[in-house]
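Structural overview for review
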Amino acid sequence: MSVNNFKELEREEIASYGPPPENIRKNISQNMGVFRFLGDLIELFLPNLGKSIIRMSGGGDKPKPQYPNQQ
Amino acid sequence: MWLITKFLEVLFGRLRSKNFYNHPDETLVKEYLATQDDQLFSILYNRYSTKIYAKCIAMLKNVEAAQDCTQEIFIKVLTNIAKFNQQSKFSTWLFSVAYNHCIDLIRKNKKQFFADLKNEHEDSIQEDIEDAFLMETKLSRLKGVLEKMDDENRTLLLMKYQDDLSIKEMGDILGKGESAVKMKIVRAKHRFKQIHDELFDKEQE
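Residues numbered from 1 in each chain as written. Chains lettered and ligands numbered in written order. Predicted model: local features only at pLDDT ≥ 70, side-chain atom pairs only at ≥ 80, totals over all residues. Heavy atoms only, no water.

All names here are of chain A. By the element assignment, Ser16 lies in helix H1 (residues 5-17). Given the relative accessible area of 54%, Ser16 is considered exposed. C-alpha of Ser16 to C-alpha of Leu38: the two residues are 22 residues apart in sequence and 39 Å apart in space. (Helix = DSSP H or I, 4+ residues; strand = E, 2+ residues; numbered from the N terminus. Buried < 20%, exposed > 50% of the residue type's maximum accessible area, 1.4 Å probe, protein only.)

Now the structure itself:
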């Protein structure tokens, strides 16, 4: 098997620098939490926003048929 | 009731993710996409964060910048994980994201990083240097030579010899064609030999 000292150098660097600080994992988790929250908000309100705009522009559900005695 | 449900969810999530510890990366990604279970991503983070962190320090030469960079890389990976098409290995894709991000950061500081290749083909007659020459360079010398090399050439050699990226993958990262990347590698190898000879031929004399 051929020698590759680039890989050896990488192993040495990994051993000397060690793992990244634990707060990085927390920050990633917090960031993703914010993204998910925003995603949920958009998912929750965007369809209703669309409906509201349609209603405001005069569209929307068809009026219920009226019976002759209600006219 | 809600609390009990949440507790059970977390407990079963943890138990399920324990079963995934020995699974390949690609299976974890698939399962993560299906369940969005943070524990699964945590397994991937544990596998690669140390390597990515070391790579960031090696490229940016600044511990604080490397910490920010590692964080940004993993956030990028998480937000784009649906784009991972399983055609390459997950590790290759992750390293591509990492290199891309580091190169962007270096580019912001030095505008000449991976500059135009206008005159690239003029010196294309250069003979190629054997891979074995680079790979078998003694560790202490390798460190010295890489230390002296500019960011561009060093990054190319690390992509090729440390992370085994293909020419196409390197081209995608750098936004260059395959022939341009091949030429850049030839040049980087020549630069490596030049610095090596400057540093260590004198030593031998």
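What follows is about the interface of chain A and chain B. For interface size, the figure often reported is the accessible area lost on association. Each side of the interface is counted separately: chain A has 24 residues, and chain B has 38 residues. Each partner contributes to the roughly 2800 Å² buried at the junction of chain A and chain B, and carbon and sulfur atoms together form 63% of this total. Applying the counting rule to chain A against chain B returns five salt bridges. A salt bridge links Lys55 of chain B to Glu10 of chain A, with the nearest nitrogen and oxygen atoms 3.7 Å apart. Every element with two or more residues in the side of chain A that touches chain B is listed here: H1 and helix H2 (22-56) of chain A. Top contributing element to the side of chain A that touches chain B by residue count: H1 of chain A, with ten residues. (Contact = heavy atoms within 4.5 Å. Buried area = accessible area lost by both parts, 1.4 Å probe. Salt bridge = Lys/Arg side-chain N within 4 Å of Asp/Glu carboxyl O.)

Here we come to helix H5 (residues 90-109) of chain B. If you check H5 of chain B, its first and last C-alpha atoms are 29 Å apart, about what 20 residues at 1.5 Å a residue would give, namely 28 Å. Counted residue by residue, H5 of chain B has 14 buried out of 20 residues, so it is predominantly covered. (Expected span 1.5 Å × (residues − 1).)

Before going further, it helps to examine the side chain of Asp163 of chain B. As for its placement among the helices and strands, Asp163 of chain B is situated in the loop between helix H8 (151-162) and helix H9 (167-174). Under the relative-accessibility criterion, Asp163 of chain B is labelled buried at 9%. One polar contact links Asp163 of chain B to Tyr99 of chain B, side chain to side chain, over a distance of 2.6 Å. The residues contacting Asp163 of chain B, other than those within four sequence positions of it, are Glu10 of chain A together with Lys51, Lys55, Phe95, Tyr99 and Leu158 of chain B. (Polar contact = N/O pair within 3.5 Å; in protein donor to acceptor, adjacent residues only side chain to side chain.)

What follows covers empty space enclosed by the protein. Gaps between atoms show up when a probe of the same size as a water molecule is rolled over them. Enumeration over the complete set of coordinates arrives at one cavity of 30 Å³ or more. By volume, the largest cavity is sized at about 40 Å³. If you trace the largest cavity, you find it lined by Glu10, Glu13 and Ile14 of chain A together with Lys51, Ala54, Lys55, Ala58, Leu158 and Gln162 of chain B. Those elements that place two or more of their residues in the lining of the largest cavity are H1 of chain A together with helix H3 (38-60) and H8 of chain B. Of all the elements, H3 of chain B adds the most residues to the lining of the largest cavity, at four residues. Residue classes in the lining of the largest cavity are distributed as four nonpolar, one polar and four charged. (1 Å grid on protein atoms, 1.4 Å probe; cavity = no way out; pocket = protein on both sides within 12 Å on 5 of 7 lines; lining within 4 Å. Points joined across faces, edges and corners; volume = space filled by probe spheres on them. Nonpolar A, V, L, I, M, F, W, Y, C, P; charged D, E, K, R; others polar.)

Here the second largest pocket defines a volume of roughly 250 Å³. Along the walls of the second largest pocket sit 14 residues, with Leu9, Glu13 and Tyr17 of chain A together with Ala58 and Glu147 of chain B positioned nearest its centre. Mapped by element, the contributors of at least two residues to the lining of the second largest pocket are H1 of chain A together with H3, helix H7 (139-148) and H8 of chain B. With five residues, H1 of chain A is the single largest residue contributor to the lining of the second largest pocket. For the lining of the second largest pocket, the class distribution of residues is six nonpolar, two polar and six charged.

Residues and elements named next belong to chain B. Looking at where Asp37 falls in the secondary structure, it is placed in the loop between helix H2 (25-35) and H3. Among the residues examined, Asp37 registers a relative accessible area of 11% and is labelled buried. In terms of polar contacts, Asp37 uses its side chain to reach the backbone amide nitrogen of Gln39, at 3.0 Å.

Function cannot be read off these values alone, since they describe shape.
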